[in-house]
Amino acid sequence: MKRVFGFSACHRLHSKSLSDEENKRIFGKCNNPNGHGHNYKVEVTVRGKIDHNTGMVMNLTDLKQHIEEAIMKPLDHKNLDLDVPYFAHVVSTTENLAVYIWDSMAKRLPACMLYEIKVYETDKNIVVYRGE
């Protein structure tokens, strides 16, 4: 089962372990000191056996609530670098955002139920993460 949703957030690609010059060279315009924003699209895929009584792998209402608590509340309309403690020491790339979302969802779902997180930064920049 897959749930698709979106949120808006801003960030700045900048590594504290690199010089300002290296950051500008590596991240280009995405290293703008004032940051930039995205309308992210995220797909959360869960898997498991279909419950014979309900006919569902998971109750969609429960999945929506987990997404709200684990992803929407901490990320939507936030500055990832300033408002999300995880990114205080982790570069807020889409790859790291996918890891953050995976970790946040994995804490809320039954073991082995989370299968995949897919984050669309843009229509052309997409990260797929399966907890590996």
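What counts as what
Residues numbered from 1 in each chain as written. Predicted model: local features only at pLDDT ≥ 70, side-chain atom pairs only at ≥ 80, totals over all residues. Heavy atoms only, no water. Salt bridge = Lys/Arg side-chain N within 4 Å of Asp/Glu carboxyl O. Helix = DSSP H or I, 4+ residues; strand = E, 2+ residues; numbered from the N terminus. Buried < 20%, exposed > 50% of the residue type's maximum accessible area, 1.4 Å probe, protein only. Axes fitted to C-alpha atoms, helices over the stretch in contact; angles between N-to-C directions. Parallel < 35°, antiparallel > 145°, perpendicular 65-115°, else oblique. Left-handed = near helix turned anticlockwise from the far one by under 90°. Contact = heavy atoms within 4.5 Å. Nonpolar A, V, L, I, M, F, W, Y, C, P; charged D, E, K, R; others polar.

K.L.:
So what exactly am I meant to see when it comes to the pattern of salt bridges here?
P.N.:
Where side chains of opposite charge bring their charged atoms close, a pairing between them can arise. With the rule as written, the count across this model stands at three salt bridges. Its salt-bridge partner being Lys-2, residue Glu-43 comes within 3.3 Å of it at the nearest N-O pair. Here Glu-43 is found in strand E2 (residues 36–46), whereas its partner Lys-2 is found in strand E1 (residues 2–11), with 41 residues between them in sequence. Taking relative accessible area as the criterion, Glu-43 reaches 9% and is therefore assigned buried. On the basis of relative accessible area, Lys-2 is assigned to the partly exposed category, the value being 42%. With a closest N to O distance of 2.7 Å, Lys-73 and Glu-69 form a salt bridge. Remark: Glu-69 and Lys-73 occur in helix H2 (residues 60–75); sequence separation between them is four residues, near one turn of the helix. Judged by relative accessible area, which is 45%, Lys-73 ranks as partly exposed. Here Glu-69 falls in the partly exposed class, since its relative accessible area comes to 28%.

K.L.:
How do you make sense of the packing of H2 against helix H4 (residues 94–106) when you look at a structure like this?
P.N.:
Describing two packed helices takes the angle between their axes plus the distance from one axis to the other. Relative orientation of the contacting elements H2 and H4 amounts to 135°, with a least axis distance of 10 Å. On the basis of the axis angle, H2 is oblique to H4. Handedness of the H2/H4 crossing: right-handed. Residues Leu-63, His-66, Ile-67, Ala-70, Ile-71, Pro-74 and Leu-75 of H2 form the contact with H4, whose participating residues are Leu-97, Tyr-100, Ile-101, Ser-104 and Met-105. Of the residues in the contact of H2 with H4, the class split is ten nonpolar, two polar and no charged.

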